[in-house]
Amino acid sequence: MSHARSTRVRSHRTATTAGVDETERASVDECPECGGRTQVDAAERVCSDCGLVVETDRIDHGPEWRSFADDQTNPKRTGAPLTRSRHDRGLSTEIGRSTRVKGRKRRRLARMRTQHNRARISTKRDRNKVYAYTEIRRLTGALELPTSLRDTACTLFDSAQAESLLRGRSLEGFSAACVYVACRTANVARTVGEVCEAAKATEAEHRAAFDAMNRELGLPIGPTGPAEYLPRFASDLDVDAATERRAGELVDCAVEEGIANGRNPVGVAAACLYTAARERDADCTQQDAADVAGVTPVTVRRTYVELTAK
């Protein structure tokens, strides 16, 4: 008996709640001027009988970002994204500077900024990391490398620091070596001379850091082939696509016949481009090919003679 009564009570409450909701909905949809029915038109609620604008500038409670079919990210507003190019992953804050602050307040902010920087970089390990990351960011910007290579280079420096490879070696050399290794693993054609020219390290410091990383970390890189430099050299020499394809065939031939063995791959690539340009009567001299590759014309000429003698 009690169960049936409680069921009737719940049914009555549900019906009452539904009636209240219908009443509120009817009051919202009803025009306050003529009692007619309103309808939503874009951002306005308008009476269909008298034309009265009942509501305008409706609040959009949805997100301000747009989502596309191929977008799987979740763009929540949680600050800047994490980055590997900062020693603290970009989580710490910075006290900015302003020209409108004068006098005592400006000096107080300067003292706060100093103490804040000391708290952020409290150990020598962090100081080394900050300096190396700054050099890596500068190098990748000077060499026009993408941000993915920058993050890869910073990760390599973390691995080298974790293995205690920095002791007795140059931080600039490790920064240059990390950028060079990142380029090698991503098949981006950059020579040691190009990296060291933009870096603050010498080739000897770069070589010492690279040898230590290759020995202790087991880097997954192999010898560089001449084909990796062809697209960039062809773009610098402004040759057509047919000449570049012919140069690729010559590179494959040089590798198969052993002409490229023991030679600088940069010089082999330049010589193949020069040979292909001669075959197609393109405007390219030995000096132009040598200047693009950073070698002497004699290096280009020796490989050219062996390619044409077969």
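The shown structure was predicted, so the numbers you read here are calculated from the model rather than taken from an experiment.

Draft legend 1. Seen up close, the overall build of the chain. When its secondary structure is counted, the chain shows 12 helices and 3 strands. Sequence separation of 24 or more characterises 62% of the internal contacts of the chain that already satisfy a separation of 6 or more. When the accessible area of the chain is evaluated, it comes to approximately 19,900 Å², of which 48% is carbon and sulfur surface.

Draft legend 2. Structural context of unusual backbone geometry. Even without being a glycine, N187 presents a positive backbone phi close to 60 degrees. Its identity as a non-glycine residue notwithstanding, D238 has a phi of 60 degrees, on the positive side. Locating D238 in the fold gives a position in the loop between α8 (230–237) and α9 (241–256).

Draft legend 3. Highlighting the environment of E306. If you trace the backbone, E306 turns up in helix α12 (residues 297–308). Taking relative accessible area as the criterion, E306 reaches 33% and is therefore assigned partly exposed. Distance in space between the C-alpha atoms of E306 and A254 is 9.0 Å, their sequence separation being 52 residues. For E306, the residues in contact, after removing those within four places along its chain, are I259 and R263.

Draft legend 4. Representation of a positive patch on the surface within the structure. On the surface, R104, K105, R107, R108 and R111 cluster together into a patch of positive charge. Position of R108 relative to the elements: it lies in helix α2 (residues 103–120). A relative accessible area of 44% places R108 in the partly exposed class.

Draft legend 5. Highlighting the pattern of salt bridges. The final tally for this structure, using the stated rule, is 9 salt bridges. With a closest N to O distance of 2.3 Å, E306 and R263 form a salt bridge. On the criterion of sequence distance, the pair formed by E306 in helix α12 and R263 in the loop between α9 and α10 (265–279) is long-range, its members being 43 residues apart. The structure contains a network of salt bridges with shared partners spanning R246, E249 and E279.

Draft legend 6. Representation of the environment of R190. Looking at the element boundaries, R190 is found in the loop between α5 (171–185) and α6 (192–198). Separated by 42 residues in the primary sequence, R190 and R232 place their C-alpha atoms 9.6 Å from one another.

Draft legend 7. Geometry of α5. With 15 residues, α5 should cover 21 Å at 1.5 Å per step; its first-to-last C-alpha distance of 21 Å lies within 8% of that length. In terms of burial, α5 is a largely internal element, 13 of the 15 residues being buried. Of the residues flanking the end of α5, it is N187, one or two places downstream, whose phi is positive at about 60 degrees.

Draft legend 8. Here's a closer look at the confidence of the model for the chain. For the chain, mean pLDDT is 80; residues scoring 70 or higher make up 81% of the total. Considering each helix and strand of the chain separately, the mean pLDDT is smallest for helix α1 (residues 2–29), with a value of 48, and largest for α5, with 91. Contacts of residues 1–26 to residues separated by more than four positions or lying in other chains number 0 contacts, the stretch itself having pLDDT below 50.

Draft legend 9. Broad picture of the packing of helix α3 (residues 124–142) against α5. Between α3 and α5, the shortest axis-to-axis distance is 9 Å and the interhelical angle comes to 45 degrees. With respect to α5, the element α3 is oriented oblique. Viewed along their axes, α3 and α5 form a crossing whose handedness is right-handed. Facing N128, Y131, A132, E135, I136, L139 and T140 of α3, the residues of α5 in contact are L171, E172, S175, A176, C178 and V179. Within the contact of α3 with α5, the residues separate by chemical class into 8 nonpolar, 3 polar and 2 charged.

Draft legend 10. Focus on the pairing of strand β2 (residues 44–47). Strand direction decides the pairing type here: strand β1 (residues 38–41) and β2, joined by 4 bridges, are antiparallel. Considered in β2, the bridge of T38 is made with C47. Two elements, β2 and strand β3 (residues 53–55), share 2 bridges in a ladder whose sense is antiparallel. By the bridge assignment for β3, V46 is matched with V53.

Draft legend 11. Region of the structure containing the nonpolar core. Counting 31 residues, the largest nonpolar core has F233, C272, L273 and V300 as its most contacted members. Looking at this core element by element, the count peaks at 10 residues for α10. Dropping the residues within four chain positions of it, C272 is found in contact with A247, L250, V251 and L307. Counting residues in each nonpolar core, the second largest holds 30 residues, with L149, A176, A182 and C183 among its members.

Draft legend 12. Representation of the sheet that holds β2. Overall, antiparallel pairing links the 3 strands, which are arranged β1-β2-β3 in an open sheet. On the outer flanks of this sheet lie β1 and β3, each paired with one strand and no other. If you compare each strand with its neighbour and ignore which way they point, the axes differ by 40 degrees on average.

Thresholds, definitions, all that
- Residues numbered from 1 in each chain as written.
- Predicted model: local features only at pLDDT ≥ 70, side-chain atom pairs only at ≥ 80, totals over all residues.
- Heavy atoms only, no water.
- Helix = DSSP H or I, 4+ residues; strand = E, 2+ residues; numbered from the N terminus.
- Contact = heavy atoms within 4.5 Å.
- Areas by Shrake-Rupley, 256 points an atom, 1.4 Å probe, with all protein chains shown as cover.
- Buried < 20%, exposed > 50% of the residue type's maximum accessible area, 1.4 Å probe, protein only.
- Patch = residues over 30% accessible without salt bridge, like charges linked within 9 Å, V, L, I, M, F, W, Y side chains within 5 Å.
- Salt bridge = Lys/Arg side-chain N within 4 Å of Asp/Glu carboxyl O.
- Lys, Arg positive; Asp, Glu negative; His and termini not counted.
- Charge placed at Lys NZ, Arg CZ, Asp CG, Glu CD.
- Expected span 1.5 Å × (residues − 1).
- pLDDT = per-residue confidence, 0-100.
- Axes fitted to C-alpha atoms, helices over the stretch in contact; angles between N-to-C directions.
- Parallel < 35°, antiparallel > 145°, perpendicular 65-115°, else oblique.
- Left-handed = near helix turned anticlockwise from the far one by under 90°.
- Nonpolar A, V, L, I, M, F, W, Y, C, P; charged D, E, K, R; others polar.
- Pairing = 2+ DSSP bridges.
- Core = buried A, V, L, I, M, F, W, Y, C linked by side-chain atoms within 4.5 Å.

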